[in-house]
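# Fold and contact review
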Protein chains: 6
Amino acid sequence: MPYVNIKVTDEQVTTAQKRQLIEGVTQLLVDILNKNAQTTHVVIDEVPMGNWGHNGKQYKGTKS
Amino acid sequence: MPYVNIKVTDEQVTTAQKRQLIEGVTQLLVDILNKNAQTTHVVIDEVPMGNWGHNGKQYKGTKS
Amino acid sequence: MPYVNIKVTDEQVTTAQKRQLIEGVTQLLVDILNKNAQTTHVVIDEVPMGNWGHNGKQYKGTKS
Amino acid sequence: MPYVNIKVTDEQVTTAQKRQLIEGVTQLLVDILNKNAQTTHVVIDEVPMGNWGHNGKQYKGTKS
Amino acid sequence: MPYVNIKVTDEQVTTAQKRQLIEGVTQLLVDILNKNAQTTHVVIDEVPMGNWGHNGKQYKGTKS
Amino acid sequence: MPYVNIKVTDEQVTTAQKRQLIEGVTQLLVDILNKNAQTTHVVIDEVPMGNWGHNGKQYKGTKS
């Protein structure tokens with residue numbers, strides 16, 4: 001532990017962006033909670049736009 | 001908030017069905033808990049049949 | 001299946017409201033996706049206000 | 001209930017392996033907690049290697 | 001990885017039962033998928049009976 | 001969206017630490033993925049030590 005799950009819409013997130021997210025979130029847990037990076041896991045889920053509802057509507061390509 | 005995650009098996013759920021689910025669940029949260037639709041998120045995950053076990057067995061195309 | 005997880009802030013949701021949510025969400029899955037209520041599960045998680053961040057800030061008792 | 005979610009990296013887990021996992025986890029819940037297999041659900045999520053971070057780094061094909 | 005989340009209703013699961021579940025699930029992942037126990041995490045969530053709906057109804061102390 | 005769920009063991013995380021985590025994770029999503037903070041949600045779950053298994057064993061107060 002810790003375990004972090006990040007859900008974003010599937011909009012061509014690059015490998016480099018994923019790496020930056022993983023590095024950044026892990027570092028926050030080390031810095032703020034003094035956690036061990038070696039037991040920290042981060043999982044990114046990319047959700048198709050049509051499967052994500054906000055304000056009662058599906059996302060339609062609009063950035064948010 | 002609120003945040004709702006719906007997991008169903010992946011059986012060709014249509015865009016219209018997803019829209020109805022998102023609208024319906026959001027409206028329930030507005031009606032029952034007086035939540036704000038603008039901060040309500042609904043995420044639908046479609047899980048391959050072989051990845052879902054029920055009663056110790058994988059689903060095999062049988063509707064449930 | 002299906003499995004639905006609803007996360008809301010912990011603000012004295014009543015047993016009756018939970019029952020209405022469970023009934024409503026289950027009925028949506030029966031009506032829209034033709035699912036079987038007997039295999040439908042709904043889990044409600046009540047999250048302490050200080051553990052939920054929106055717009056980079058913790059909720060502070062403000063309804064949302 | 002119960003509901004179990006297993007997340008592993010996406011490395012060609014076979015249908016037979018998934019079946020074994022589902023059988024095994026369900027049996028544990030029956031044996032240890034006296035649960036009813038008929039209301040027990042197990043969902044397996046296969047996560048792309050590049051979406052899983054451990055020790056601040058993305059998995060790169062290395063088994064773990 | 002892997003990461004496993006087990007949700008059961010909150011019915012006085014003992015520390016020993018939790019230990020057995022954690023040992024058993026971890027061993028399954030080692031045996032079936034050849035995973036490394038040192039990177040395997042299992043999290044058990046105990047959900048209040050009134051927050052779990054099955055067949056459109058809240059659990060009411062009935063074992064399931 | 002995005003939606004982020006952080007699971008840590010329940011070891012007296014302070015309100016200030018939670019605020020820092022929420023601010024930090026939200027800022028990463030703004031900076032790296034150009035997301036809108038106003039639609040970004042972060043939920044922190046604190047898991048009792050005995051409910052978290054690592055390497056087939058329950059945590060026993062040892063920091064990790």
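To be clear, the structure that these remarks concern was listed above.
The notes below deal with the structure included here. Numbering of residues starts from 1 in each chain and follows the order in which that chain's sequence is written. Just so you know, chain letters begin at A and ligand numbers begin at 1, following the order they were written in. Reporting of local features is limited, given that this is a predicted model, to residues whose pLDDT is at least 70; pairs of side-chain atoms are given and counted only at 80 or more, and all residues count toward the totals for whole chains, interfaces and linings. Just so you know, side-chain values use all the structure's heavy atoms and leave hydrogens and water out.

Quick look at the packing of helix 1 (residues 15-33) of chain B against helix 1 (residues 15-33) of chain C now. Helix axes are fitted to C-alpha atoms over the stretch in contact, other axes to C-alpha atoms as well, and angles between N-to-C directions run from 0 to 180 degrees. Per the convention used, a helix needs a DSSP run of H or I reaching at least four residues, while a strand needs a run of E reaching at least two, with both numbered from the N terminus. Two elements in contact, helix 1 of chain B and helix 1 of chain C, have axes whose closest approach is 10 Å; the angle formed by their N-to-C orientations is 165 degrees. As summarised for this structure, helix 1 of chain B and helix 1 of chain C are arranged roughly antiparallel, according to the angle between their axes. Considering how the two elements wind past one another, helix 1 of chain B and helix 1 of chain C form a crossing that is right-handed. Where helix 1 of chain B approaches helix 1 of chain C, its residues Gln17(B), Gln20(B), Leu21(B), Gly24(B), Val25(B), Leu28(B), Leu29(B), Ile32(B) and Leu33(B) are matched on the opposing element by Gln17(C), Gln20(C), Leu21(C), Gly24(C), Val25(C), Leu28(C), Leu29(C), Ile32(C) and Leu33(C). Residues belonging to the contact of helix 1 of chain B with helix 1 of chain C are distributed by class as follows: 12 nonpolar, six polar and no charged. Roughly parallel refers to an angle under 35 degrees, roughly antiparallel to one over 145, roughly perpendicular to one between 65 and 115, and oblique to any angle outside these ranges. Whether a crossing is left-handed or right-handed is set by the direction in which the near helix is turned from the far one by less than a right angle, anticlockwise for left-handed and clockwise for right-handed. Here, two residues are considered to be in contact whenever any of their heavy atoms come within 4.5 Å of each other. Throughout this entry, Asp, Glu, Lys and Arg are counted as charged residues, while Ala, Val, Leu, Ile, Met, Phe, Trp, Tyr, Cys and Pro are counted as nonpolar. The remaining residues, Gly among them, count as polar.

On to helix 1 of chain C, then. Expected helix span is taken as 1.5 Å per residue step, with the number of steps being one fewer than the number of residues. The end-to-end C-alpha separation of helix 1 of chain C is 27 Å, in line with the 27 Å expected for 19 residues at 1.5 Å each. Here helix 1 of chain C has its buried residues at Lys18(C), Leu21(C), Ile22(C), Gly24(C), Val25(C), Thr26(C), Leu28(C), Leu29(C), Ile32(C) and Leu33(C). At its buried positions, helix 1 of chain C is contacted by strand 1 (3-9) and helix 1 of chain B, strand 1 (3-9) and strand 2 (41-47) of chain C together with strand 3 (52-54) and strand 4 (57-58) of chain E. Categorising residues by exposure relies on relative accessible area from a 1.4 Å probe, with only protein chains included: less than 20% of the type maximum marks a residue as buried, more than 50% marks it as exposed, and the intermediate range marks it as partly exposed.

Next up on the list: the relation of the copies chain C and chain D. The copies were overlaid by least squares, fitting only the C-alpha atoms of residues that reach a pLDDT of 70 or more in each copy. Least-squares fitting of chain C to chain D yields an RMSD of 0.0 Å, with the superposition described by an axial translation of 0.0 Å and a rotation of 180 degrees. Such a combination of turn and shift is consistent with a two-fold rotation axis. Closest approach to the rotation axis among the C-alpha atoms of chain C is made by Thr39(C), whose C-alpha sits 3.6 Å away. Looking at the interface residues of chain C, 100% of them are also at the interface in chain D, so both copies use one shared face.

Two strands form a pair only when DSSP identifies at least two bridges running between them. Strand order across the open sheet formed by eight strands is 4(B)-3(B)-2(D)-1(D)-1(E)-2(E)-3(F)-4(F), with mixed pairing between neighbours. Both outer strands of the open sheet, strand 4 (57-58) of chain B together with strand 4 (57-58) of chain F, are each paired with one neighbouring strand and no more. Bridge analysis of strand 1 (residues 3-9) of chain E against strand 2 (residues 41-47) of chain E gives seven bridges, and the strand direction is parallel. In the strand pairing of strand 2 of chain E, Ile6(E) is matched with Ile44(E). Contacting strand 3 (52-54) and strand 4 of chain B, strand 1 (3-9) and strand 2 (41-47) of chain D together with strand 1 of chain E, helix 1 (residues 15-33) of chain D crosses the sheet at an angle of about 140 degrees to strand 2 of chain D.

Contacts between the two partners involve 29 residues from chain F and, on the opposite side, 29 residues from chain A. Throughout, buried area stands for the accessible area (probe radius 1.4 Å) lost by two parts on being put together, summed over both. Carbon and sulfur atoms supply 71% of the area buried between chain F and chain A, which totals about 2,600 Å² over both sides. Here, a salt bridge means any side-chain nitrogen of Lys or Arg that lies within 4 Å of a carboxyl oxygen of Asp or Glu. Its salt-bridge partner being Lys35(F), residue Glu11(A) comes within 3.3 Å of it at the nearest N-O pair. Side-chain atoms alone can form a polar contact between residues adjacent in sequence; in general such a contact is a pair of N or O atoms within 3.5 Å, and within protein one must be able to donate a hydrogen while the other accepts it. The tally of links from chain F across to chain A stands at nine residue pairs in polar contact (both at pLDDT 80 or more). For the side of chain F that touches chain A, the element with the highest residue contribution is helix 1 (residues 15-33) of chain F, accounting for nine residues. Looking at the side of chain F that touches chain A residue by residue, the classes come out as 15 nonpolar, 10 polar and four charged. With five bridges connecting them, strand 1 (residues 3-9) of chain A and strand 1 (residues 3-9) of chain F associate as antiparallel partners.

Rotating chain F by 180 degrees and translating it 0.0 Å along the rotation axis places it on chain A, where the RMSD comes to 0.0 Å. A shared interface surface links the copies, since 100% of the contact residues of chain F are contact residues in chain A too.

Okay, the interface of chain C and chain D next. Often, the extent of an interface is quoted as the loss of accessible area upon association of its parts. Counting residues at the interface gives four residues for chain C, matched by four residues for chain D. When the two sides are added together, the surface that chain C and chain D hide from each other amounts to roughly 350 Å², 66% of it contributed by carbon and sulfur. When residues of chain C are sorted by the area they lose upon contact with chain D, Met1(C), Tyr3(C) and His41(C) head the list and together hold 92% of the total. The tally of links from chain C across to chain D stands at zero salt bridges. Inspection of the chain C/chain D interface yields two residue pairs in polar contact (both at pLDDT 80 or more). A breakdown of the residues in the side of chain C that touches chain D according to their chemical character gives two nonpolar, two polar and no charged.

Moving on, we get to the environment of Thr40(D). Within the element layout of this structure, Thr40(D) appears in the loop between helix 1 and strand 2. With 38 residues separating them in the primary sequence, Thr40(D) and Pro2(D) have C-alpha atoms 4.9 Å apart. If we ignore the near neighbours within four places in the chain, the residues touching Thr40(D) are Gly53(B), His54(B), Asn55(B), Met1(D), Pro2(D), Thr26(D), Leu29(D) and Lys35(D).

Residues and elements named next belong to chain B. For strand 1, the tally of buried residues reaches seven of seven residues, placing the bulk of the element in the interior. Across the two faces of strand 1 the burial is the same, with Tyr 3, Asn 5, Lys 7 and Thr 9 and Val 4, Ile 6 and Val 8 all buried. With helix 1 bridging strand 1 and its parallel neighbour strand 2 (residues 41-47), the resulting β-α-β unit is right-handed. A crossover counts as right-handed when, viewed with the strands pointing away from the observer, the path leading from the first strand over the helix to the second turns clockwise.

This part takes up the arrangement of the chains. There is a gap between chain A and chain C: no contact, and a shortest C-alpha distance of 12 Å. At the C-alpha level, the nearest point of chain D lies 12 Å from chain F, with no contact between them.

Attention now moves to the packing of aromatic side chains. All names here are of chain B. Classification of ring pairs rests on two measures: the distance between centres of Phe, Tyr or Trp rings, Trp counted by its six-membered ring, which must be within 6.5 Å, and the angle between planes, read as stacked under 30 degrees, edge-to-face over 60 and tilted in between. Here the structure, examined in full by the defined rule, presents nine aromatic pairs over all chains. The interplanar angle of 50 degrees and the centroid separation of 6.4 Å between the aromatic rings of Trp 52 and Tyr 59 together place this pair among those described as tilted. For Tyr 59, a relative accessible area of 7% translates into the label buried.

Moving on, we come to the pattern of salt bridges. Tallied over the entire structure, the rule returns 30 salt bridges over all chains. Taking the shortest distance from any N to any O, the salt bridge between Glu23(C) and Arg19(C) comes out at 3.7 Å. Here Glu23(C) pairs with Arg19(C), and both are found in helix 1, just four residues apart, close to one helical turn. Overall, Glu23(C) belongs to the partly exposed group, its relative accessible area being 39%. Among the salt bridges present, the one from Asp45(E) reaches Lys7(E), with a minimum N-O distance of 3.0 Å. You can see Asp45(E) sitting in strand 2 and its partner Lys7(E) sitting in strand 1, a full 38 residues away along the chain. A single network of salt bridges, built from pairs that share partners, joins Lys7(A), Asp45(A), Lys7(B), Asp45(B), Lys7(D) and Asp45(D).

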